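Remarks on the overall topology
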Amino acid sequence: MGVSLEQRFQGCLCGLAVGDALGGRFEAQSAEHLRQRFSNVDSLINYVTDEIWYTDDTQMTIAIAEVLADHGEILEEPLCAAFVANYVPSRGYGRGARMVIEAMEDGEDHRAVARKHFPGGSYGNGAAMRVAPVGLIFQGNSEELLKQAEFSSLPTHVHPLGIEGAQLIAAAVAYVTKTTSFDRADFFSYLLSHCQSEDHRAKLAAAAKVELVEQLAKLGNGIEALESVPTAIASFALTPDSYTETIGNVILLGGDTDTLAAMAGAISGAYLGIEGIPARLLKHLEESAKGRSYIMDLAKRLFQRHQET
Ligand code: F2R
Ligand code: MG
Ligand code: MG
Ligand code: MG
């Protein structure tokens, strides 16, 4: 039986959360260290025998999904309120993101903080890591998709590369959500048609040429959008039929493992649906107030919103 659209919504949010939570165990470790610990993806996946906890990637995705489920579009004020309501610093936020959210919390001029904390704004991957729900909701309208991905970035990420990283992940999620039989060349040409900057175009062109897992590392494993968004996209395109390979291969790159696996996991889950995520991994996702059941329910609410509009 085919994968239903509702299963894809659930697969996307849960795929992101599981990737984030598993990757979060290894954030900032080196590839060499991880390769010594885990000889292959299976040994990494089998390592999960107890509860895994998600990080800021999932927490900020939940905020965006809540706003979309409630309003059907990204609105600045509700989004900032949702970032604040979901903020738990111990989940491990980026330096800039933390300062912006704390300014929101304190009623300070958070827009000025977002503009000035880094020269030209943040080009971190924080906007890309949380944008997947935008791809689900706006899958049918490219222009709106790009605009809404930008709106979802702006409270914290005003640098064009930070915004474009989010637009590319949203576009990737939108594309696979509508796809039943994955065509790699068509996927990359769709993404290139949603991409303005020479920097991201060059990285995407390199990603399109990756045909072996060993070639993924050259795309990067860093905290900047440009050093992680094309890598996550390439990992999915390499193993579209396996959720565990898609997240496992990027976690074994080391570096920003939670975010690489969150982005790759969101795309993979949107393609394969919730059934594509091994039940034994999903069952270990934290069952806190906004844990597995909440995320599943949020995906249903998002799906209902999508059907209404
Ligand atoms: N930050 C982490 N993990 C490390 C800390 C976890 C630890 N447990 C703890 O809290 O102590 N992970 C999360 O951060 C990444 C997303 O970051 P985001 O939201 O983009 O934040 P930020 O600060 O805006 O950007 C990240 C870094 O990129 C560099 N950078 C960005 N723009 C820059 C610019 N214009 N010039 C120079 N550098 C720039 C800076 O180093 C930023 O700090 C995810 O990995 C998420 O999991
Ligand atoms: Mg994180
Ligand atoms: Mg930031
Ligand atoms: Mg990270």
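Residues numbered from 1 in each chain as written. Chains lettered and ligands numbered in written order. Predicted model: local features only at pLDDT ≥ 70, side-chain atom pairs only at ≥ 80, totals over all residues. Heavy atoms only, no water.

A few points about the overall build of the protein chain
The cut-off we apply is this: Only DSSP runs of H or I with at least four residues qualify as helices, and only runs of E with at least two residues qualify as strands; both kinds are numbered from the N terminus onward. With the radius of gyration taken over C-alpha atoms, the globule rule is written as 2.2 Å times the number of residues to the power 0.38. Three labels apply to residues, based on accessible area from a 1.4 Å probe with only protein chains included: buried if under 20% of the type maximum, exposed if over 50%, partly exposed otherwise in between. By definition in these notes, contact holds between two residues if any of their heavy atoms fall within 4.5 Å. Charge assignment in this entry is limited to Lys and Arg as positive and Asp and Glu as negative, and neither His nor the chain termini are counted. Working definition for charges: the position is that of NZ of Lys, CZ of Arg, CG of Asp or CD of Glu.
For the protein chain, the count of helices and strands is 17 helices and 0 strands. Computed over C-alpha atoms, the radius of gyration of the protein chain comes to 17 Å, within 12% of the 19 Å expected from 2.2 N^0.38 for 309 residues, which places it in the range of a compact globule. With the principal axes as the frame, the protein chain shows a C-alpha extent of 50 × 40 × 40 Å. Within the protein chain, the proportion of its 309 residues that are buried is 59%. In the protein chain, 73% of the contacts between residues at least 6 apart in sequence involve partners at least 24 apart. Here the protein chain contributes 25 positively and 40 negatively charged side chains, and the mean placements of these two sets differ by 1 Å.

Some points on the site of ligand 1
Note the cut-off: Note on terminology: near, applied to a residue and a molecule or strand, indicates that one of the residue's heavy atoms is within 4 Å of it. Pairs of N or O atoms within 3.5 Å make up the polar contacts considered here, provided that, within protein, one atom can donate a hydrogen while the other can accept it, and that residues adjacent in sequence are counted only when both atoms are side-chain atoms. With residues, only the protein chains shown are counted as cover, and all accessible areas are computed by Shrake-Rupley using a 1.4 Å probe.
The local shell around ligand 1 holds 23 residues, among which Gly96, Ser122, His157, Asp256 and Asp258 are the closest. Gly121 is positioned with one of its backbone polar atoms (N or O) 2.9 Å from a nitrogen atom of ligand 1. Taking Asp258, its side chain carries an N or O atom lying 2.8 Å from an oxygen atom of ligand 1. Considering ligand 1 on its own, with 930 Å² of exposed area, one finds that the protein chains cover 74% of that surface.

Describing the coordination of the magnesium ion (ligand 4)
As a reminder, the rule being used: Listed donor atoms are N, O and S within 2.8 Å of the metal (Na, K and Ca: 3.2 Å). As water is not included, a site may look incomplete. Site shape is set this way: if four donors have all angles between 85 and 135 degrees, tetrahedral; if opposite donors are over 155 degrees apart and all others between 65 and 115, square planar for four donors and octahedral for six; otherwise irregular.
The coordination sphere of the magnesium ion (ligand 4), as far as protein atoms go, consists of Glu27 (OE), Asp256 (OD), Asp258 (OD) and Thr259 (OG1), spread over 2.0 to 2.5 Å. Geometry at the magnesium ion (ligand 4) is octahedral, judged from its 6 donor atoms and the angles of 79 to 176° they form at the metal. Taken in sequence order, the residues that donate to the magnesium ion (ligand 4) follow the motif E-x228-D-x1-D-T. Overall, the relative accessible area of 5% leaves Asp256 in the buried class.

Some details on unusual backbone geometry
The phi dihedral of Ala28 is positive, around 75°, even though this residue is not glycine. When you line up the elements, Ala28 lands in the loop between helix 1 (5–24) and helix 2 (31–37).

Some remarks on the nonpolar core
Basically, it comes down to this: Among buried residues, the Ala, Val, Leu, Ile, Met, Phe, Trp, Tyr and Cys ones that are joined through side-chain atoms within 4.5 Å form a nonpolar core.
Within the largest apolar cluster, 103 residues are counted, with the highest numbers of intra-cluster contacts made by Val134, Ile169, Phe187, Leu191, Ile233 and Leu302. Beyond its immediate stretch of four places on either side in the chain, Ile233 contacts Leu168, Ile169, Ala172, Phe187, Phe188, Leu191, Leu204 and Ile267.

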